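Letter by letter, the chains look like this.
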Amino acid sequence: MTANIERPQRNHGAHVAELCLPLLLVGGFCLATNLSVWFRNWPGNRISSNFMRIALGDASRLFANQFFVKADAYFHSGFYPSIYDNQQSFKTPHIAEDSGAMKGRNTGDETRFLAPPRNWLEAFGREFYPTVHTHLSEGGANGEERADTVGEILPWLKLSMELDPNHVQTYIVTAYWLRRMGNIDDSEQVLREGLKANPGNPKLLFDLGRLFFHGRHDSIRARNVWEAGLRDINSLPLPERTNDQNSFSREQILAALANLEAAAGNTNRVLSLLQQLKDVSATPDAVQKWIDDYKSGKRE
Amino acid sequence: MKNIRLVAQVVLKESIRRKDFYVLFVLTAVICLVMGSVTFYHDNQIVRYLKEICLLLIWISTLVIAITMAARQIPVERESRTIFPLLAKPISRTQALLGKFFGCWIAIAAALSAFYIFFGLMAMSKEHSWPLANYFQAVWLHWIMLGVVIAMSLLGSLAFSAVSANVTICFVAVTFILMLGRHLENVAMGVGEPVRSLLQVLFYAMPHLEFFDVRDLVIHDWPPLHWLTCAKATAYGFVYGAFFLVAACLLFRRRPL
């Protein structure tokens, strides 16, 4: 015998609500298909942004710089001055100086930033942390590291790039060390990411040209990229065009292009480029000597 | 000796029941495994950043475990009044305190072993080498340092009224020593008298816990320390550990329960 269960009477309002549910779902679906396109293109959306950059705000640049320095500390296998030590010989990170991304401002002996110990306690304490100057690219801490161990600096550089995508030097340094490790493809990828974040940056274009010329032996693409770099500098307003950084980049690009054209045997173009270089160079005498040597055939 | 061992065993069993270690271990392991799964520029042998993160987490975790465990020992016994039956047995206050110390120290040794085995396995999986001497020295010096911290925390638990105050002060002191201890002499040179003399006295008087921190040597594959240096650091740790323990015993004997 089955129990006679009395079902509750459904009122009219509940019936309408049940019908509304699929209607609302369809409405939401339609709106989502419409809005998602707009949202993805909206510059204010946070999907494509880096979570850490959002969380840290402007402080992300500070951290980016800290991680850049950390990469340099890794390059020295932990032998690095703290804020309490003499930092004169580490003002410019050595990884950046070696790559040509920054002009060196270092003075003093980089092997002796630690002053002589003042007492036995300080002397004893130095046994427990690195106190010898080494480079990862030259054997590292034990003198026997493989050349590609220099890759240990890359995680910090990657983090630094993500936190401050407008710090051009980080891309150049990363690309340089990747190239040194023989990883040309990733090096190019890094420079392209840099150009995506900093369109038309002459330093990045110069480096990309170097990669094509020396890494891929593709002088046509190298020429195109360098000429694009020159055009970008020339299109800048005068004060910006003649500032230290852009003047330096223009010199670098002109010299590189002159070498490329010399290798291709375009004599007139070489002389024209060298003349332009002489006009902007800080050392015009050296450029004149280059012109003279080239004309006399001493230099190819 | 038997009494000390018995108290230590109780502390050890209690530490096994507590969940601090398990939570921190799992957290460390998860963070490290996630970080380890990242590949940078198709290079699978990049490992030093991972070693650094893992060692940092191990140091933080073990300091948290050691300080909180040692700081709770006496106050909890006092609050729950189990200290009276404990001391009613033929056991002196000094023995009870030493038992507590050794219990904590052995418990932290077990935790350290688990952490460093995980660290070693993780590092080996990437760099395919096993620098045993470096790892042994790192674990050993870390353990000696934690002995000093546990003794300091036990002393604090008798000197300060609340556990939270003791834990906070111990954390601040240990962080200060680890971060600034090495540079205190430099800082002293940059200030005038009488602060300079005070800082210099502090420099010589405080336990230099940074002597036991060889993380940089392990991370960057430096050769191991000279064993004599390791022995000297051990002796230095024993002296400071003993100092804090004797002070704690004296204080415990004089204080009313």
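Visitor: Even after reading the chapter, I still don't get the packing of helix α5 (residues 93–127) of chain B against helix α6 (residues 132–159) of chain B, so can you show me in this structure?
Guide: Residue and element names in this part refer to chain B. Running from N to C, α5 and α6 point in directions that differ by 150°, and their axes come no closer than 9 Å. Regarding α5 and α6, the two cross each other, and that crossing is right-handed. Seen from α5, the contacting residues are L97, K100, F101, C104, W105, I108, A109, L112, Y116 and G120; seen from α6, they are Y135, V139, H142, W143, L146, G147, I150, A151 and L154. Of the residues belonging to the contact of α5 with α6, the class tally is 15 nonpolar, three polar and one charged.

Visitor: In this structure, what is going on with the domain arrangement of chain A? I would like to understand it.
Guide: How big an interface is tends to be expressed through the accessible area that disappears when the partners come together. Residues and elements named next belong to chain A. What the domain assignment reports for chain A is domain 1 (60–199) and domain 2 (201–300). Each of domain 1 and domain 2 has a C-alpha centre, and these two points are 28 Å apart. For the side of domain 1 that touches domain 2, the secondary-structure elements that each account for two or more residues are α7 (168–180) and α8 (184–197).

Visitor: Where do I start with the packing of helix α2 (residues 20–36) of chain B against α5 of chain B in this structure?
Guide: If you want to describe how two helices pack, look at the angle between their axes and the distance between the axes. All names here are of chain B. Contact pair α2 / α5: the axes reach a minimum separation of 11 Å and the direction vectors enclose 10°. Classed by the angle they form, the pair α2 and α5 counts as roughly parallel. The segment α2 lies against α5, with F21, F25, T28, A29, C32 and G36 engaging A111, A114, F115, F118 and M122. Looking at the contact of α2 with α5 residue by residue, the classes come out as nine nonpolar, two polar and no charged.

Visitor: Which parts of the structure should I look at to understand the nonpolar core?
Guide: One broad rule of soluble globular proteins: the nonpolar side chains tend to lie buried together. Ranked by size, the top nonpolar core spans 127 residues in total, and within it I153 of chain A together with A66, C104, I108, V149, I150 and A151 of chain B carry the most contacts. Here this core gathers at least three residues from each of two domains, domain 1 (60–199) and domain 2 (201–300) of chain A.

Visitor: So what exactly am I meant to see when it comes to unusual backbone geometry here?
Guide: Apart from glycine, the bulk of residues carry a negative phi angle, and the bulk of peptide bonds sit in the trans form. All names here are of chain B. P194 follows E193 through a cis peptide bond whose omega is 5°. Here P194 is to be found in the loop between α8 (184–189) and α9 (195–205). One non-glycine residue, R81, lies in positive phi territory at about 60°. Secondary-structure assignment places R81 in the loop between α3 (48–79) and α4 (83–88). Positive phi is not limited to glycine here, since D221 has a value of about 55°.

Visitor: Honestly, the environment of I95 of chain A in this entry has me stumped. Any pointers?
Guide: All names here are of chain A. Position of I95 among the secondary structure elements: in helix α4 (residues 94–99). Separated by 24 residues in the primary sequence, I95 and A71 place their C-alpha atoms 8.0 Å from one another. What I95 contacts, discounting residues up to four positions off in sequence, is A71, D72, F75, I153, V173 and W177.

Visitor: Just checking my understanding: could you explain the confidence of the model for chain B for this structure?
Guide: For any part of a model where pLDDT is low, the fine detail of the predicted coordinates should not be relied upon. Residue and element names in this part refer to chain B. Overall, the predicted model of chain B reaches an average pLDDT of 90, with 100% of residues at or above 70. Mean pLDDT across the elements of chain B ranges from a minimum in α4, with 80, to a maximum in α6, with 94. Confidence metrics for the complex model read pTM 0.83 and ipTM 0.86.

Visitor: Just to check I follow, could you spell out helix α12 (residues 244–264) of chain A for this structure?
Guide: Each turn of an α-helix holds 3.6 residues, which means side chains three or four residues apart point in the same direction. All names here are of chain A. Between its terminal C-alpha atoms α12 stretches 30 Å, which fits the 30 Å expected from 21 residues at 1.5 Å a residue. Buried residues of α12: S249, R250, Q252, I253, L254, A256, L257, A258, L260 and E261, and no others. Summarising the contacts, the buried residues of α12 are in contact with α9 (202–215), α10 (219–234) and α13 (267–280). Immediately downstream of α12, the backbone of G265 shows phi near 85°, a positive value.

What counts, and where the lines are drawn
- Per chain, the residues get numbers from 1 upward, laid out in the order the sequence is written.
- Written order decides the labels, with chains lettered from A and ligands numbered from 1.
- Confidence filtering applies because this is a predicted model: local features only for residues at pLDDT of at least 70, side-chain atom pairs given and counted only at 80 or more, and all residues used for totals across whole chains, interfaces and linings.
- Axis lines are fitted through C-alpha atoms, for helices just across the contact stretch, and the angle between N-to-C directions can take any value from 0 to 180 degrees.
- Numbering goes from the N terminus for both helices and strands, where a helix is a DSSP run of H or I of at least four residues and a strand is a run of E of at least two.
- By definition, turning the near helix anticlockwise from the far helix through less than a right angle yields a left-handed crossing, and turning it clockwise yields a right-handed one.
- A pair of residues counts as a contact when their C-beta atoms, built from backbone coordinates, are within 7 Å of each other.
- Polarity classes work like this: nonpolar for Ala, Val, Leu, Ile, Met, Phe, Trp, Tyr, Cys and Pro, charged for Asp, Glu, Lys and Arg, and polar for all others, with Gly in that last group.
- As used throughout, domain bounds are those supplied by an automatic or database domain assignment.
- Working definition: roughly parallel below 35 degrees, roughly antiparallel above 145 degrees, roughly perpendicular at 65 to 115 degrees, and oblique for all remaining angles.
- What makes a nonpolar core is a set of buried Ala, Val, Leu, Ile, Met, Phe, Trp, Tyr and Cys residues, with links drawn between C-beta atoms within 7 Å.
- Residue burial is a threshold on neighbouring C-beta atoms within 10 Å of the residue's own C-beta, all placed from the backbone, with 20 or more meaning buried, 12 or fewer meaning exposed, and counts in between meaning partly exposed.
- Per-residue confidence from the predictor is given as pLDDT, running between 0 and 100.
- Expected span, for any helix, means 1.5 Å times one less than how many residues it has.

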